[in-house]
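One-letter residues, chain by chain:
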Amino acid sequence: MSWASDGSELVSLNAGAAPSWLKPLVDNAKDIRHAYRRRVPPEVLAMVTAANTKAAVTGARRDAAVLVLFSGPSDAQSPSVPDEADLLVTVRASTLRHHAGQAAFPGGAADPGDSGPVYTALREANEETGIDVGRLQPLATLEQMFIPPSGFHVVPVLAYSPDPGPVAVVDESETAVVARVPVRAFINPENRIMVYRKENTRRAAGPAFLLNEMLVWGFTGQVVSAMLDVAGWAQPWNTDDIRELEDAMALVGRDGGAAG
């Protein structure tokens, strides 16, 4: 990856750069939005739709992008996900105005000078994690999704690197954790639960992943769940294990979360 002097991106999407184990996801990327919406409870989907309409009327919608970066061997012989494969995830600082303490893909709002969502995702990922964007290959952009209450219209940018190099928290006021989480940890049925907010009903619960140092839920949990579904990586899991958000968060770092 390189940057022109005017800040534009000198990169093109290249789905063919995906290794064999990642191709089932890339080839079915267009189905992720449908799989995402299928997992969202009807009452939550109705709320999101209403919020999207209101944001459009008031002009409150903002463009944003996130980087969905998979890393792992480029020459794996088996089409199954290799043990070394991982996904880059952050945990937002607890002091932020929106989505404080929530696990997320690195990313954020588009700046006026950004040339598009790929540029935004890479720029934000570099600012949040220090990642060398020159080691990454963007593969595809997913369909734009709306996230209340922040009002962001988010484009997930699917990317791959055989070795992205070191990553770390750059600004503690924005990011609490940066981690390359094994993909097998997301696939592991023992790490999967359903989570709902206290102000909502259990019917509004969505898929979540209880890991050692984070609970991946909300928009990010929905996207990860949808990716597992469309790639054929998902394994049967207990969707009747439904927990209130605070109760689930209390399990982070305890025996309730497993790494693999």
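Residues numbered from 1 in each chain as written. Predicted model: local features only at pLDDT ≥ 70, side-chain atom pairs only at ≥ 80, totals over all residues. Heavy atoms only, no water.

1. Looking at the confidence of the model for the protein
Let me state the cut-off plainly: Known as pLDDT, the predictor's per-residue confidence is scaled from 0 to 100. A run of DSSP states H or I qualifies as a helix once it reaches four residues; a run of E qualifies as a strand once it reaches two. Both are numbered from the N-terminal end. Contact criterion: two residues are considered in contact whenever any of their non-hydrogen atoms come within 4.5 Å of each other.
Put simply, the protein has an average pLDDT of 85, and 81% of its residues get 70 or more. Mean pLDDT per element in the protein: helix α3 (residues 42–58) is the minimum at 65, and helix α5 (residues 183–187) is the maximum at 98. Contacts for the low-pLDDT stretch residues 1–9, under 50 throughout, to residues beyond four places or in other chains number 23 contacts.

2. A few points about the sheet that holds strand β11 (residues 215–216)
For clarity, the cut-off: Pairs of strands are assigned from DSSP output, requiring at least two bridges between the strands. In this description, a line fitted to the C-alpha atoms serves as the axis of each element, helices being fitted only across the stretch in contact, and the angle between N-to-C directions of two axes falls anywhere from 0 to 180 degrees.
Strand order in the open sheet formed by 4 strands is β11-β10-β9-β12, and the pairing between neighbours is mixed. Looking at which strands have only one partner, the edges of the open sheet turn out to be β11 and β12 (242–244). In the packing of helix α6 (residues 218–231) onto the sheet, contacts are made with β9 (192–196), β10 (206–210) and β11, and the angle to β10 comes to roughly 90°.

3. Observations concerning the environment of Val-91
Position of Val-91 relative to the elements: it lies in strand β2 (residues 86–92). Placed 11 residues apart in sequence, Val-91 and Gln-102 show a C-alpha to C-alpha distance of 5.5 Å. Setting aside its immediate chain neighbours within four residues, Val-91 contacts Gly-101, Gln-102, Ala-103, Thr-175, Ala-176, Val-177 and Met-214.

4. Considering the nonpolar core
Which entries qualify depends on this criterion: As used in this record, nonpolar core signifies buried Ala, Val, Leu, Ile, Met, Phe, Trp, Tyr and Cys residues forming a set joined through side-chain atoms within 4.5 Å. Classification of residues uses two cut-offs on accessible area relative to the type maximum, computed with a 1.4 Å probe and protein chains only: under 20% is buried, over 50% is exposed, and between them is partly exposed.
Within the largest apolar cluster, 49 residues are counted, with the highest numbers of intra-cluster contacts made by Leu-22, Leu-25, Phe-70, Phe-186, Met-214, Met-227 and Trp-233. The element that contributes the greatest number of residues to this core is α6, accounting for 8 residues. Phe-70 has contacts with Trp-21, Leu-22, Leu-25, Asp-86, Leu-87, Leu-158, Ala-159, Tyr-160, Ser-161, Val-183, Met-227 and Trp-233, leaving out every residue within four places of it along the chain. With 14 residues, the next largest nonpolar core counts Leu-88, Val-118, Leu-122 and Ala-159 among its residues.

5. Some points on the pattern of salt bridges
Worth spelling out the cut-off: When a carboxyl oxygen of Asp or Glu is within 4 Å of a side-chain nitrogen of Lys or Arg, the pair counts as a salt bridge.
If you walk through the whole model with that rule in mind, you get 9 salt bridges. For the salt bridge of Arg-135 with Asp-163, the shortest nitrogen-to-oxygen distance reads 3.1 Å. Here Arg-135 is found in the loop between α4 (117–129) and β5 (137–141), whereas its partner Asp-163 is found in the loop between β7 (152–161) and β8 (175–182), with 28 residues between them in sequence. The exposure class of Arg-135 is partly exposed, given its relative accessible area of 36%. Residue classification places Asp-163 among the partly exposed residues on the basis of a relative accessible area of 42%. Put simply, Arg-243 and Asp-241 hold a salt bridge, and the shortest N to O gap is 2.9 Å. Through salt bridges with shared partners, a single network forms among Asp-111, Asp-114, Arg-123, Glu-124 and Glu-127.

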